[in-house]
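A closer look at the structure
If you want the building blocks of each chain, they are given just below.
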Amino acid sequence: MAEKFIINGGKKLAGEVEIMGSKNAALPILVATVLTKKDCVIDNLPLIEDINRMLEILEGMGAKIEWQGERKVKINCQNINPEKLPQKIISNFRGSVLVLGPLLARFGKLKMLSPGGCIIGARPLDTHFDAFLQLGFENYSKGSYYYFKKIREKDKEKNREVALSEFSVTATENVLLFSSFFQEKTILKIADLDYQVQELIKVLKKMGAKIKTAGPHSFEVKGKKELSGFSHKLISDPIEAGTFIVASLITKGDVLIKNAGIEHLTLFLKKLKSCGANFEIKNKNTIRVMPSAKIVIDRIQSLPYPGIHTDLQPELGVLATQTRGGTLIHDPLYEGRLKYLEELNKMGAEIIFCDPHRAIVNGPTLLYGIEIPSLDLRSGAALILAGLVARGTTTINNIYQIDRGYEKIEERLQKLGADIKRIKS
């Protein structure tokens, strides 16, 4: 049964909140278990829908899944069969694109539906297809399925070079996963360097792969014939940390955020500080956000790591509605990422769209609670923040999208004093 959030705005947040494990780091590490027949242990998993879906994909193919604690899982993929890939889950879950690398490495061919997911733009698979073509795999579509098969033997190419057509996080991860399975050297160029890529590299090194920097946005990978199992504890989710930071700022609250993973939020925090945000970094994992007298944001631009993450742009867009003056928002990555601004306009914001990638937010404006949909994971979280500051009652539908990336977000906001509840539609 569908569920929705009911929010009565106007409450200042106060108290402490702990950040959960990183969803974006967890997904490629979960699929890395496909590369070995040994046991793999992953700790600090967030209990969210996207993690459940990836575990269901692995289990559907025959992986043995054993929970060793509330957030700790042991996985063994010795007997998996790619022909049993749960195609229905694939078609509704964008993160499933990450199975491409490890399954092609281990089995040499694959049939799968096009991965689905958030509606934030076209997000074509062309970068993935082109990367695997460079690695010796052709792909073609037949009906609703994509088919991948090897067109040349890997042994004929002792050194391989792959240049991605854009800074794609998942394409970078797919090539790293694939290349770690072979002893031949692979040079990956135009690689993304995001925090989840860094975490995946740590795990692949634990498994026996040799990965080193080979130039700007480039990696050299030398894999291993038989990769080892691994044990790894996930980092805290910097996107979730950023969401709670903005939640405190927008409500003029006083919130201590623990396990915040601050090392991956350098430019995000620098931008907020320069705009007048009042916060204190207690240590590398803890930040206290306090009421700010005046915040003025001239420009928000999402860029590849270490730039401001596109996943945090919607939260900053909501904050801009409560700051003085005009704020230019520019998200060059996804043409659908600004759709949440249309919902903010319905709530009373004054936002002018320049094109699919740019908008100007004029503030401060008084937002009013209305009934709105959760368009995707990150805009859904941003609209919760809008509801927290809006006058009256805000109803957010389709909250499954939010549950994909935030664990029990309403319960954690309730502990900070927010008036938010989950009800069945």
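This text follows the structure it describes.
This text gives an overview of the structure that appears in the document. (Residues numbered from 1 in each chain as written. Predicted model: local features only at pLDDT ≥ 70, side-chain atom pairs only at ≥ 80, totals over all residues. Heavy atoms only, no water.)

1. What about the overall build of the chain?
As a reminder of what qualifies: Numbering of helices and strands runs from the N terminus; a helix is a DSSP stretch of H or I covering at least four residues, while a strand is a stretch of E covering at least two. Our radius of gyration is a C-alpha quantity, and the globule rule it is checked against amounts to 2.2 Å times the number of residues to the power 0.38. The classification of residues rests on relative accessible area computed with a 1.4 Å probe and restricted to protein chains. Under 20% of the type maximum is buried, over 50% is exposed, and intermediate values are partly exposed. All accessible areas in this document rest on Shrake-Rupley with a 1.4 Å probe, and a residue is counted as covered only by the protein chains that are shown. The positive count covers Lys and Arg only, the negative count covers Asp and Glu only, and His and the chain ends enter neither. Note that the charge is assigned to NZ on lysines, CZ on arginines, CG on aspartates and CD on glutamates.
Looking only at helices and strands, one finds 14 helices and 23 strands in the chain. Taken over the C-alpha trace, the chain has a radius of gyration of 22 Å; the compact-globule value for 425 residues is 22 Å, and the two agree within 12%. The buried share among the 425 residues of the chain stands at 56%. For the chain, the accessible area works out to roughly 17,200 Å², and carbon and sulfur atoms hold 49% of it. Side chains of the chain carry 61 positive and 48 negative charges; the gap between the two charge centres is 3 Å.

2. Structural notes on the packing of helix α1 (residues 23-32) against helix α2 (residues 49-60)
Rules: Note on method: axes are straight lines fitted to C-alpha atoms, helices fitted across the in-contact stretch only, with angles between N-to-C directions ranging 0 to 180 degrees. Each angle receives one of four descriptions, namely roughly parallel if under 35 degrees, roughly antiparallel if over 145, roughly perpendicular if within 65 to 115, and oblique otherwise. Between two residues, a contact is recorded if the distance between any of their heavy atoms is within 4.5 Å. Residue classes follow a fixed rule: Ala, Val, Leu, Ile, Met, Phe, Trp, Tyr, Cys and Pro count as nonpolar, while Asp, Glu, Lys and Arg count as charged, and any other residue, Gly among them, counts as polar.
Where α1 contacts α2, the axes come no closer than 10 Å and their chain directions differ by 5°. What the angle tells us is that α1 and α2 run roughly parallel. Contacts between α1 and α2 involve Lys23, Ala26, Leu27, Leu30 and Val31 from the former and Asp50, Ile51, Met54, Leu55 and Leu58 from the latter. Looking at side-chain class alone, the contact of α1 with α2 contains eight nonpolar, no polar and two charged residues.

3. Brief notes about the environment of Lys185
Mapped onto the elements of the fold, Lys185 is located in strand β10 (residues 185-189). For Lys185, a relative accessible area of 28% gives the class partly exposed. Remark: the alpha-carbon pair of Lys185 and Val73, spanning 112 residues in sequence, is separated by 32 Å.

4. Looking at the pairing of strand β20 (residues 358-363)
Here is the rule we go by: Here, strands pair whenever DSSP counts at least two bridges between them.
Alternating residues of β20 divide into Ala359, Val361 and Gly363, all buried, and Arg358, Ile360 and Asn362, none buried. The sheet contact formed by strand β18 (residues 325-330) and β20 spans six bridges and is antiparallel. Counterpart to Gly326 in the pairing with β20 is Asn362. Strand direction decides the pairing type here: strand β19 (residues 350-355) and β20, joined by five bridges, are antiparallel. Across the sheet, the residue bridging to Phe353 is Ala359, located in β20. Between β19 and β20, which follow one another and run antiparallel, lie two residues.

5. Regarding the pairing of strand β8 (residues 145-150)
Inspection of the sheet shows strand β6 (residues 109-113) paired to β8 by five bridges, in the antiparallel sense. Residue pairing in the sheet places Leu113 in a bridge with Tyr145 of β8. By the bridge criterion, six bridges tie strand β7 (residues 137-142) to β8 in an arrangement that is antiparallel. Bridged to Asn139 within β8 is Phe148. Hairpin remark: β7 followed by β8, antiparallel, with two residues in the connecting loop; positive phi at Gly143, about 65°.

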